[in-house]
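An overview of the molecular structure
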Amino acid sequence: MIYDLPTRLMIDGVEYAIRYDYRAILDICIAMSDSELSDEERLLAALTIFYPEFNSMPLTSYEQAVEECLWFVNGGEYEDSREKSPRLVDWEQDFAIICAPINRVVGKEIRSIPYDAETNTGGFHWWSFLSAYYEIGGDCTFAQVVGIRSKIARNQKLDKSEKDWLRRNRKLVDFKTKYTEHDESLIKQWT
């Protein structure tokens, strides 16, 4: 059991500072889903965001650095081989509707908590953010969106009120399609 909120991680016997603020982790999530980047570029972006001293890390430490980064992002849990569940959240797209219920759980506006990524000071720890996220109740827009996405992903029937809500809020529920620059240029040529 881990009682502390880690701000440093041990990689190959060397302790490295980490960017622990929720904003840095959400930036990692966005980088990891960037279709314009190769897998290697995604990992390098994640490591550069996460470890302020990444440029001084030896190449031989990268594999463990990735594992520890994922462990941290997963709230102190290593990945397991369980079956993946359907995607229900897009951190970038859903951020605006996630903030209100997290603010309610925390009791303050989390976006107003100062964080300096350069000095890696201040902020709201990712694990505290996750704890608040897990406590989001069913009485909010975000819970409604996730509930409908879940039913759609599992081919479950929506009731009349859910269908009506979906009709009025389709842009919140549907994941936005992200196109590469090449795709965008092809679309422009067609239209």
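Now for a description of the structure that goes with this document. All residue numbers refer to positions counted from 1 along the written sequence of the respective chain. Per-residue local features of the predicted model are confined to residues with pLDDT of at least 70, and side-chain atom pairs are confined, for both listing and counting, to 80 or more; whole-chain, interface and lining totals are unaffected and use all residues. The basis for every side-chain value is the complete set of heavy atoms in the structure, and neither hydrogens nor water enter the calculation.

**Quick notes on the overall build of the protein**
Segments assigned H or I by DSSP are reported as helices when at least four residues long, segments assigned E as strands when at least two residues long, and all are numbered from the N terminus. When its secondary structure is counted, the protein shows nine helices and four strands. Starting at the N terminus and ending at the C terminus, the protein contains elements arranged as β-β-α-α-α-α-β-β-α-α-α-α-α. Seen along its three principal axes, the alpha-carbon backbone of the protein occupies a region of about 55 × 50 × 35 Å. Relative accessibility thresholds used throughout: buried, under 20% of the residue-type maximum; exposed, over 50%; partly exposed, between the two (1.4 Å probe, protein chains only). Per-residue burial for the protein yields a buried fraction of 37% across its 191 residues. Nonlocal contacts in the protein, meaning residues at least 24 apart in sequence, comprise 64% of its contacts between residues at least 6 apart. A contact between two residues is defined here by any heavy atoms of the two lying within 4.5 Å.

**Some remarks on the nonpolar core**
Throughout this description, the term nonpolar core refers to a set of buried Ala, Val, Leu, Ile, Met, Phe, Trp, Tyr and Cys residues connected via side-chain atoms within 4.5 Å. In terms of nonpolar packing, the biggest core is built from 47 residues, with Phe 50, Tyr 51, Phe 72, Trp 126, Phe 129 and Phe 142 touching the most fellow members. Looking at this core, the elements with two or more residues in it are strand 1 (8-11), helix 1 (22-32), helix 2 (39-50), helix 3 (62-73), helix 4 (91-106), helix 5 (126-134), helix 6 (141-153) and helix 7 (160-168). Once residues lying within four places of it in the same chain are set aside, the contact partners of Phe 50 are Leu 9, Ala 17, Ile 18, Arg 19, Ile 25, Ile 28, Cys 69 and Phe 72.

**Digging into the packing of aromatic side chains**
Pairing of aromatic rings covers Phe, Tyr and the six-membered ring of Trp, with a centre-to-centre limit of 6.5 Å; geometry is then stacked below 30 degrees between planes, edge-to-face above 60, and tilted otherwise. Under the criterion given, the structure shown has 17 aromatic pairs. When the centroid spacing of 6.3 Å and the interplanar angle of 75 degrees are considered together, the rings of Tyr 22 and Phe 124 count as edge-to-face. Taken together, the positions of Tyr 22 in helix 1 and Phe 124 in the loop between strand 4 (121-122) and helix 5 put the pair 102 residues apart, joining distant regions of the chain. The class of Phe 124 is buried, set by a relative accessible area of 11%. By way of ring pairs, the aromatic residues Tyr 22, Trp 91, Phe 95, Phe 124, Trp 126, Phe 129, Tyr 133, Tyr 134 and Phe 142 are connected into one cluster.

**Let's talk about unusual backbone geometry**
Phi is positive for Asn 120, which is not a glycine, with a value near 55 degrees. Summarising the element assignment, Asn 120 is placed in the loop between strand 3 (115-116) and strand 4. With relative accessibility at 13%, the residue Asn 120 sits in the buried group. Even without a glycine there, the phi angle at Asn 155 is positive, about 55 degrees. Locating Asn 155 in the fold gives a position in the loop between helix 6 and helix 7.

**Observations concerning the environment of Glu 41**
Along the chain, Glu 41 turns up in helix 2. Measuring from C-alpha to C-alpha, the distance between Glu 41 and Ala 31 comes to 8.9 Å, with 10 residues separating the pair along the chain.

**Notes on the pairing of strand 1**
Covered by surrounding structure in strand 1 are Leu 9 and Ile 11 only, the residues Arg 8 and Met 10 on the alternate face being uncovered. Two strands are said to pair when DSSP picks up at least two bridges between them. Looking at chain direction, strand 1 and strand 2 (residues 14-17) are connected through four bridges and run antiparallel. Its bridge partner being in strand 2, Ile 11 is matched across the sheet by Val 14. Here strand 1 folds back onto strand 2, and the loop between the two strands holds two residues, one of which, Asp 12, carries a positive phi near 50 degrees.

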